[in-house]
Amino acid sequence: LKRNKGAIGAVLVACLALLPITACNNTVDPGPALVVKSVISPLPAKVGSATVVLELSDSSAKPVEGAGIVLEAVMSHAGMAPVFGGSTEVAPGRYNGNLAFTMAGDWVVLLHLKLANGTKVERRIDVKGVQAH
């Protein structure tokens with residue numbers, strides 16, 4: 001039994017040592033190199049379908065083209081299932097997406113972006129006071 005504990009411990013240490021290596025392959029860039037402007041309509045936001053318009057640019061104001069964007073909306077309090085939506089590039093650096101807010105209250109829209117060069121970036125948009133119909 002003591003041998004097994006030692007072997008399990010050695011395997012655990014080896015796995016933990018490899019964790020940073022595997023984590024580096026899927027890094028998320030929190031840096032400010034990407035500027036995201038957003039508009040959600042209708043305004044004020046209401047329960048039901050909403051359009052999310054995003055404009056992406058780099059630090060020199062050049063449009064960021066070819067990004068893949070997944071929208072994830074979550075209530076600001078725990079216990080509610082997230083709502084997902086996609087987006088489409090409609091002009092250089094301009095993306096339109098759709099979400100459906102399922103209840104009134106405060107929401108957070110998480111932007112999961114994958115840039116054309118493969119870099120993953122995440123941003124967040126606070127949507128306060130989504131109103132009932």
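Residues numbered from 1 in each chain as written. Predicted model: local features only at pLDDT ≥ 70, side-chain atom pairs only at ≥ 80, totals over all residues. Heavy atoms only, no water.

1. Observations regarding the pattern of salt bridges
Point 1. Evaluated as defined, the whole model comprises two salt bridges.
Point 2. Among the salt bridges present, the one from Arg124 reaches Asp126, with a minimum N-O distance of 2.8 Å.
Point 3. Asp126 gets classed as partly exposed once you look at its relative accessible area, which sits at 43%. (Salt bridge = Lys/Arg side-chain N within 4 Å of Asp/Glu carboxyl O. Buried < 20%, exposed > 50% of the residue type's maximum accessible area, 1.4 Å probe, protein only.)

2. Description of the confidence of the model for the chain
Point 1. Averaged over all residues, the pLDDT of the chain is 82; the fraction at 70 or higher stands at 76%.
Point 2. Scored below 50 in pLDDT, residues 7-29 makes 10 contacts in the model with residues more than four places away or belonging to other chains. (pLDDT = per-residue confidence, 0-100. Contact = heavy atoms within 4.5 Å.)

3. Thoughts on the nonpolar core
Point 1. Core analysis: the biggest nonpolar cluster contains 27 residues, and Phe101, Val109 and Val127 have the highest contact counts within it.
Point 2. If sequence neighbours within four positions are ignored, Val127 has contacts with Ile40, Ala45, Phe101, Gly105, Asp106, Trp107 and Val109. (Core = buried A, V, L, I, M, F, W, Y, C linked by side-chain atoms within 4.5 Å.)

4. Some remarks on unusual backbone geometry
Across the chain, the bulk of peptide bonds are trans and the bulk of non-glycine residues have phi less than zero.
Point 1. Here the residue pair Ser41 and Pro42 is connected by a cis peptide bond, since its omega of 10° sits within 30 degrees of zero.
Point 2. Within the secondary structure layout, Pro42 lies in the loop between strand 2 (34-41) and strand 3 (48-58).
Point 3. The omega angle of the peptide bond from Leu43 to Pro44 is 0°, so this bond is cis rather than trans.
Point 4. The residue Pro44 is located in the loop between strand 2 and strand 3 in this model. (Helix = DSSP H or I, 4+ residues; strand = E, 2+ residues; numbered from the N terminus.)

5. Here's the deal with the pairing of strand 4 (residues 68-75)
Point 1. Of the strand pairs in this sheet, strand 4 and strand 7 (residues 105-114) are connected by eight bridges, and their pairing is antiparallel. Bridge assignment links Val74 to a residue of strand 7, and that residue is Val108.
Point 2. Alignment of strand 4 against strand 5 (residues 83-91), held across four bridges, turns out to be antiparallel. Paired with Val70 across the bridge in strand 5 is Gly86. (Pairing = 2+ DSSP bridges.)

6. Section: the pairing of strand 2
Point 1. Pairing analysis gives eight bridges linking strand 2 to strand 3, with the strands arranged antiparallel. Bridge pairing in strand 3 links Ser41 to Thr51.
Point 2. Following strand 2, the chain reverses through six residues before pairing antiparallel with strand 3.

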